[in-house]
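# Inside the fold
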Amino acid sequence: MSNLRDHTTSPPPTPPASGRGEPPLPDRLARAITLAGPIPVSQYMAAANAHYYATRDPLGAGGDFTTAPEISQMFGELIGLWCTDVARRAGSPEMAWVELGPGRGTLAADARRAMAKAGLMPPVHFVETSPTLRAAQAERVSEATWHDAVDTLPADRPLIVVANEFFDALPIRQLVRGGGGWRERLVACQDTLFLPIAGTQVPDAIIPAPLRAAPDGSVIETSPASVGIARALAARIAAQGGAALIVDYGYEGPAIGDTLQAVRTHAYANPFEEPGTRDLTAHVDFATLAEAARAESVSISGPVGQGAFLRALGIDARAAALAVASPDRAEQVRADRDRLVEDMGTLFRAMAFTAPGWPAPAGFA
């Protein structure tokens, strides 16, 4: 399966300098592995992405990839109206608007503009740890409140949570079939060359029954970090009221497949080269996220393809209105609509969960 983040060619950025007196991340990881032995893929991915997002703005033509909110204002506007609609029908306009991993704040700015036109201006809360991205977000939504994790989000009102291309960057664990059983995939290092290897064998009991007899070389991915966040959000929403919307690329598992990938300067890259200088992601298992959330007694809607979701929310009418308002941009508006609905329309999916007693959200009929 492929990543449909934009792959427009652009010159590679200059790698950021490390902190004063601190070796580059690849050197630090190499030393740690040399001293203590190979590390799980999840630990490698976590370290690489923490450094990557903390030291750069990865978005746009001069960065590494482009996400849906950066393609067109239509994406954020429709999500803002989705949030307004579900809150109004639930009778809960006094809610907090939350975004996980808000990028540059583009989605939030567009969503808030649409919500304001509908008469809704909730307080904004961002879950973001990158100082670089926090600065970009502050330029677009200066009154936001920032959080390092979901556990400090407001507890006194319903939460409307948006997570667009957030879960794909969370660490994954990989299990590979070989030698008569399943083994944890680890990352080893020779000099400064990182490479995946098979580690210790794990009990067959932790492998989904239909996949246990898969052929040698098969890979199963799990993301305990994703499950933990989904379950924590669901628990908060079940207790306080609210809804969460997750949009990402992925599948409905359990499934066999190695989806770990890297993107740098809008092109695919080796995920085991120069950790911390490229975006590492993996496809999201929506079925597992749904199961985790359902355990907290929320209702699940979807997943459905992003294209079907945006069409149900009215992207065609919005695109037509924008083309009429700006005839000189009509062709670009149509192209942007096609990227969101056609190019990204099936691999990217949308799923929501809502609090007990809340109405079914729009876009999933």
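Quick summary incoming for the structure in this document. (Residues numbered from 1 in each chain as written. Predicted model: local features only at pLDDT ≥ 70, side-chain atom pairs only at ≥ 80, totals over all residues. Heavy atoms only, no water.)

## Quick look at the overall build of the protein chain
Along the backbone of the protein chain there are 11 helices and 16 strands. Rg of the C-alpha trace for the protein chain: 21 Å, near the compact-globule value of 21 Å for 365 residues, within the 12% margin. Oriented by its inertia axes, the alpha-carbon framework of the protein chain measures out at about 60 × 45 × 40 Å. Considering only intrachain contacts with a sequence separation of at least 6, the fraction spanning at least 24 residues in the protein chain is 79%. Between the centroid of the 31 positive side chains of the protein chain and the centroid of its 40 negative side chains there is a distance of 2 Å. (Helix = DSSP H or I, 4+ residues; strand = E, 2+ residues; numbered from the N terminus. Rg over C-alpha atoms; globule rule 2.2 N^0.38 Å. Contact = heavy atoms within 4.5 Å. Lys, Arg positive; Asp, Glu negative; His and termini not counted. Charge placed at Lys NZ, Arg CZ, Asp CG, Glu CD.)

## Some words on the packing of helix α7 (residues 224-240) against helix α8 (residues 286-294)
Interhelical geometry of α7 versus α8 gives an angle of 40° and a closest axis separation of 8 Å. Classified by the angle their axes make, α7 and α8 are oblique. Regarding α7 and α8, the two cross each other, and that crossing is right-handed. Contacts from Ser 226, Val 227, Ala 230, Arg 231 and Ala 234 of α7 reach α8 at Thr 288, Leu 289, Ala 292 and Ala 293. Grouping the amino acids of the contact of α7 with α8 by side-chain chemistry returns six nonpolar, two polar and one charged. (Axes fitted to C-alpha atoms, helices over the stretch in contact; angles between N-to-C directions. Parallel < 35°, antiparallel > 145°, perpendicular 65-115°, else oblique. Left-handed = near helix turned anticlockwise from the far one by under 90°. Nonpolar A, V, L, I, M, F, W, Y, C, P; charged D, E, K, R; others polar.)

## As for unusual backbone geometry
The omega angle of the peptide bond from Gly 253 to Pro 254 is 0°, so this bond is cis rather than trans. Mapped onto the fold, Pro 254 is located in the loop between β10 (242-251) and β11 (261-264). A positive phi angle, near 45°, is found at Glu 165, a position not held by glycine. With respect to the helices, strands and loops of the structure, Glu 165 is situated in the loop between β5 (159-164) and β6 (173-178). Of note, Thr 265 is a non-glycine position whose phi angle comes to about 50°, a positive value. Tracing the sequence through the fold places Thr 265 in the loop between β11 and β12 (267-269).

## So, the nonpolar core
Residues Trp 82, Trp 97, Leu 100, Leu 245, Phe 309 and Phe 353 are the most contacted members of the largest nonpolar core, which totals 72 residues. If sequence neighbours within four positions are ignored, Phe 353 has contacts with Ala 230, Leu 233, Ala 234, Ile 237, Gly 242, Ala 243, Ala 244, Ile 246, Ala 293, Val 298, Ser 299 and Ile 300. Residues Tyr 44, Ala 48, Cys 189 and Leu 260 belong to the second largest nonpolar core, which totals 18 residues. (Core = buried A, V, L, I, M, F, W, Y, C linked by side-chain atoms within 4.5 Å. Buried < 20%, exposed > 50% of the residue type's maximum accessible area, 1.4 Å probe, protein only.)

## Notes on α8
Those residues of α8 that sit buried are Phe 286, Leu 289, Ala 290, Ala 292 and Ala 293. The arc enclosing the buried residues of α8, seen along the axis, measures out at 160°, which places them on a common side. Structurally, α8 contributes buried residues whose contacts are with α7, β10, β14 (284-285), β15 (299-305) and β16 (348-354). For α8, the N-terminal cap is Asp 285; the gap from its side-chain oxygen to the backbone nitrogen of Ala 287 is 3.1 Å. (Arc of directions from axis to C-beta. Polar contact = N/O pair within 3.5 Å; in protein donor to acceptor, adjacent residues only side chain to side chain.)

## Things to note about the packing of aromatic side chains
As enumerated under the stated definition, the model contains seven aromatic pairs in all. Considering the side-chain rings of Tyr 52 and Tyr 53, the 5.0 Å spacing of their centres and the 90° angle between planes classify their relative orientation as edge-to-face. By the burial criterion, Tyr 52 is buried, and Tyr 53 matches it. Ring geometry for Phe 166 against Phe 167: centres 5.2 Å apart, planes inclined by 85°, an arrangement best described as edge-to-face. (Phe/Tyr/Trp six-rings, centres within 6.5 Å; stacked < 30°, edge-to-face > 60°.)

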